[in-house]
Every structure is written in structure tokens, then in C-alpha cells.
Amino acid sequence: ITSVISTLDRYSSAGRTPFRLTMSLDLFTVEFSTINNDQRFSAITSFAQAQPTESNRHDFKSVWTNETIKDVAAFANTFGGILVIGVEKNQNDHTARVVGVTSGSELTTGIASAIATNISPTPSYDIMECHQPTDPNKRFCVVRVRSDARLYLVTKKDIPSPVWVRNADQTI
């Protein structure tokens with residue numbers, strides 16, 4: 001699962017004609033702090049195009065809601081995975097749409113707080129945020145959740161069951 005992160009200008013030996021060499025990254029393994037905003041946005045866009053069908057390892061959400069905490073716990077309880085916030089994919093859609101979350105402020109603090117407050121123990125995760133290069137108020141987040149041998153319970157009162165897992169493209 002790769003996404004475009006940078007483009008290097010190179011010259012061919014035949015006539016020194018410019019061509020573009022594209023390097024790609026894996027959203028499951030890349031060190032988020034090493035890539036800039038435009039690379040992050042490009043990676044999310046490319047990932048959504050290359051992987052439009054949700055799976056047991058990734059899910060798209062147009063916005064973060066109180067219910068999204070179940071998906072984080074499910075990834076932690078299954079095989080780990082990534083949750084991409086700001087990308088919309090409905091059950092019958094053939095493609096994922098990069099829509100962004102309209103917000104004048106960052107999203108990561110609220111998401112991190114929700115994870116720490118509502119899942120016990122707190123799973124191991126990384127989070128990155130970026131904005132659309134042409135619109136700083138259209139924001140995106142990637143929450144990368146790791147799994148291990150522990151059981152992670154949702155402790156939020158309005159969520160009926162404490163245990164969630166991923167089965168194909170669903171949190172159950």
C-alpha cells in the first residue's frame with residue numbers, strides 16, 4: 001500500500017531531458033514526522049485512490065465522531081490498522097472521496113484525548129495531521145493503531161459494548 005510522497009527531478013542521459021522519478025511511502029510504516037504537509041496530503045490522496053475499498057487494516061471516515069473510538073479499539077484488538085479522517089467512502093461507493101474536515105484549528109489533540117479517555121488500556125498509536133495545500137481549513141488525519149496481545153476495552157458510557165474487532169471492512 002503505497003502513496004506518493006515526493007517527486008525528484010532527474011535528467012536522462014540522452015539529451016538531458018527532465019523526467020520525474022516518483023518515490024512512494026507506506027502509510028502503515030512511514031515515520032510521520034519526516035514528511036511535510038504537502039507530502040502528507042499527497043500520501044492520503046494516493047492511498048485513497050489506490051485502496052478505495054476499506055478492509056480489516058484500514059477505514060475511511062469523513063469526520064471524527066464519538067462512535068469512531070470503536071474503530072480504534074477494533075484495530076488494536078485485531079491486527080492494527082489505519083484510520084483516515086477526511087476521506088469519505090460509503091458502503092455502495094466504488095471510490096473514496098478526499099473531502100477533508102472543515103476546521104480552523106488542529107484535530108489531533110481532540111482525537112488523542114478521545115483515545116486516551118475512552119479506551120483502556122490506551123493502545124499504541126501514531127497520529128498525523130495535514131491540510132489541503134490550497135485550503136488550510138480542510139484538514140485530514142491518519143491514526144495508525146498497533147496491535148499486541150492485550151485486550152482493549154471501550155469505556156465510553158454511550159457505547160453499548162466494550163469489546164470491538166475488525167471483520168473484513170466492518171467494526172463489530
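Residues numbered from 1 in each chain as written. Predicted model: local features only at pLDDT ≥ 70, side-chain atom pairs only at ≥ 80, totals over all residues. Heavy atoms only, no water.

In the structure shown here, the tally under the stated rule is eleven salt bridges. In this structure, Arg144 engages Asp126 in a salt bridge whose closest nitrogen and oxygen atoms are separated by 3.0 Å. Remark: Asp126 occurs in strand 9 (residues 125–132) and Arg144 occurs in strand 10 (residues 135–145); sequence separation between them is 18 residues. Judged by its relative accessible area of 22%, Asp126 is partly exposed. Asp126 is the salt-bridge partner of Arg146, the closest N and O atoms lying 2.3 Å from each other. Of the two residues, Arg146 sits in the loop between strand 10 and strand 11 (153–154) while Asp126 sits in strand 9, which places them 20 residues apart along the sequence. Taking the relative accessible area as the measure of exposure, Arg146 reaches 38% and is therefore partly exposed. When salt bridges with common partners are traced through the structure, they connect Asp59, Lys61, Asp71 and Arg166 into a single cluster. (Salt bridge = Lys/Arg side-chain N within 4 Å of Asp/Glu carboxyl O. Helix = DSSP H or I, 4+ residues; strand = E, 2+ residues; numbered from the N terminus. Buried < 20%, exposed > 50% of the residue type's maximum accessible area, 1.4 Å probe, protein only.)

By the element assignment, Gly80 lies in the loop between helix 2 (69–77) and strand 4 (81–85). The class of Gly80 is buried, set by a relative accessible area of 2%. Once the C-alpha coordinates of Gly80 and Arg57 are considered, the two residues, 23 residues apart in sequence, prove to be 6.5 Å apart.

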